[in-house]
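The chain contents come next:
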Amino acid sequence: MPKTLEELASSFLKGLIPYVPGKPVEEVERELGIKGAVKLASNENPLGASPRALRALREALPDSHRYPDGGGYYLKRDLADRLGVTPDHLILGNGCNEILDLMARCFLLPGDEVVIADPAFVIYGMLAHLQGCRKILVPLKSWTHDLEAMAKAVTSKTKMVFIGNPNNPTGTAVTPAEIEAFMQAIPEDLLVVMDEAYIEYVPQEMVPDSLGFVRQGRWVIVLRTFSKIYGLAGLRIGYGIAPPPLVELLNRARAPFNTNALAQRAALAALDDQQHVTSSRKVNELGKAYLTTELGRLGLQVPPSWANFLLVDLKHDGAAVAEALLRKGVIVRPLGGRYLPTHIRVTIGTPPENERFIEALKSVLQS
Ligand SMILES: Cc1ncc(COP(=O)(O)O)c(C=O)c1O
């Protein structure tokens, strides 16, 4: 009897539930026969990319027949200058998701323990599962990573810990002092993934000196991305900052041309447009204040978010409300799972998008 595909596949694929992406806006509009749907489901920048990045993209298009610079020379040099590290502290990825993937592939082996907050970014758990690891899930405390409990959960078998700061889907952040205490409490040979995909939204006094641990040579990789405040999610580019020996190991497994030429050029131009970053932050702050107030008026509380999205407890089945919102042309993310059956995650949009969401939500909750 020939083997089935299931038998041939890695046994760790069993029980793995694939990440379900939302439908494209155009498809939602076509299916529902509506126009002007707003997508507040994937934590993208509602202002879009910087005009400078768009110009750089247009200028780069004629070179599309060339392979990209596999070493990302110019982008790494620019990032290194801005971050106060050397280029060999940097690795570029097809979104920082690819770097999460590389960390898992390069370090995690069956039987290793991985400490993850619950709920956190779903990809951490999926990667640990795929490598055959034991997931040690540590519940959040007041919607925030409980770093004290996470440090206590570390055993001699623990290989890696993931910290989403700010955390997705709650938007909460840990304080610099909490991170400092955590780093002192854990063994030196524990790999720490500090996922800072939303860090540019966080006020300076709340940003931990995660790069300080990297400079000290601790086994920390800090992940950042151009998908969020820089508005380049569709181009797929992010980066990791880690001690050079860690970067060197990841580079052994990295595909040679993992970040594309357009993404590299756009990212460079986006870094140069800090005014766009400032405007994006401002729009986000205003939107956050508006949504928090309006949701409060509807009797709905949200955990304090330091990112560009809010976790909303609807006190009704989250998936059903998300479906009803979809029919009104507002796309949000239902969460589900053990802790969040009545929650949705909504990305903070432009003022008209936020108003549209609130109006749609009012009407759904009334009916
Ligand atoms: C916490 C967190 N980490 C990483 C990512 C992945 O970002 P990228 O688009 O750079 O792969 C996301 C995207 O939503 C995220 O929310």
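Structure shown above.
Scope of this entry: the structure provided in the associated data block. (Residues numbered from 1 in each chain as written. Predicted model: local features only at pLDDT ≥ 70, side-chain atom pairs only at ≥ 80, totals over all residues.)

Here we look at the sheet that holds strand 11 (residues 333-336)
Ordered by their spatial adjacency, three strands build an open sheet running 9-12-11, and the pairing between neighbours is antiparallel. Single-partner strands in this sheet number two, and they are strand 9 (309-313) and strand 11. Here the strands of the sheet are splayed against their neighbours by 30 degrees on average, with no regard to which way each runs. In this sheet, strand 12 (residues 340-347) lies alongside strand 9 in antiparallel orientation, the contact comprising five bridges. Residue pairing for strand 12: Val-312 is matched across the bridge by Ile-344. (Pairing = 2+ DSSP bridges. Helix = DSSP H or I, 4+ residues; strand = E, 2+ residues; numbered from the N terminus. Axes fitted to C-alpha atoms, helices over the stretch in contact; angles between N-to-C directions.)

Some details on helix 12 (residues 274-297)
If you check helix 12, its first and last C-alpha atoms are 35 Å apart, about what 24 residues at 1.5 Å a residue would give, namely 34 Å. The set of residues buried in helix 12 consists of His-276, Ser-280, Asn-284, Gly-287, Lys-288, Leu-291 and Leu-295. Of the surrounding elements, those touching the buried residues of helix 12 are strand 9 and helix 14 (351-366). At the C-terminal side of helix 12, Gly-299 shows a positive phi close to 80 degrees. (Expected span 1.5 Å × (residues − 1). Buried ≥ 20, exposed ≤ 12 C-beta atoms within 10 Å, placed from the backbone. Contact = placed C-beta atoms within 7 Å.)

Observations concerning the sheet that holds strand 2 (residues 90-93)
The seven strands are arranged 2-8-7-6-5-3-4 in an open sheet whose pairing can be described as mixed. The open sheet has two free edges, formed respectively by strand 2 and strand 4 (134-139), since each of these has just one partner strand. Taken pair by pair, the neighbouring strands of this sheet meet at an average axis angle of 20 degrees, ignoring direction. Where strand 5 (residues 158-164) lies against strand 6 (residues 191-195), five bridges are found, and the strand directions are parallel. Across the sheet, Val-161 pairs through a bridge with Val-192, a residue of strand 6. Packing against the sheet, helix 5 (residues 96-107) makes contact with strand 2, strand 5, strand 6, strand 7 (220-225) and strand 8 (238-241), and its axis sits at approximately 155 degrees to strand 7. Of the strands in this sheet, strand 3 (113-118), strand 4 and strand 5 are in contact with helix 6 (residues 122-130), which crosses strand 3 at around 160 degrees.

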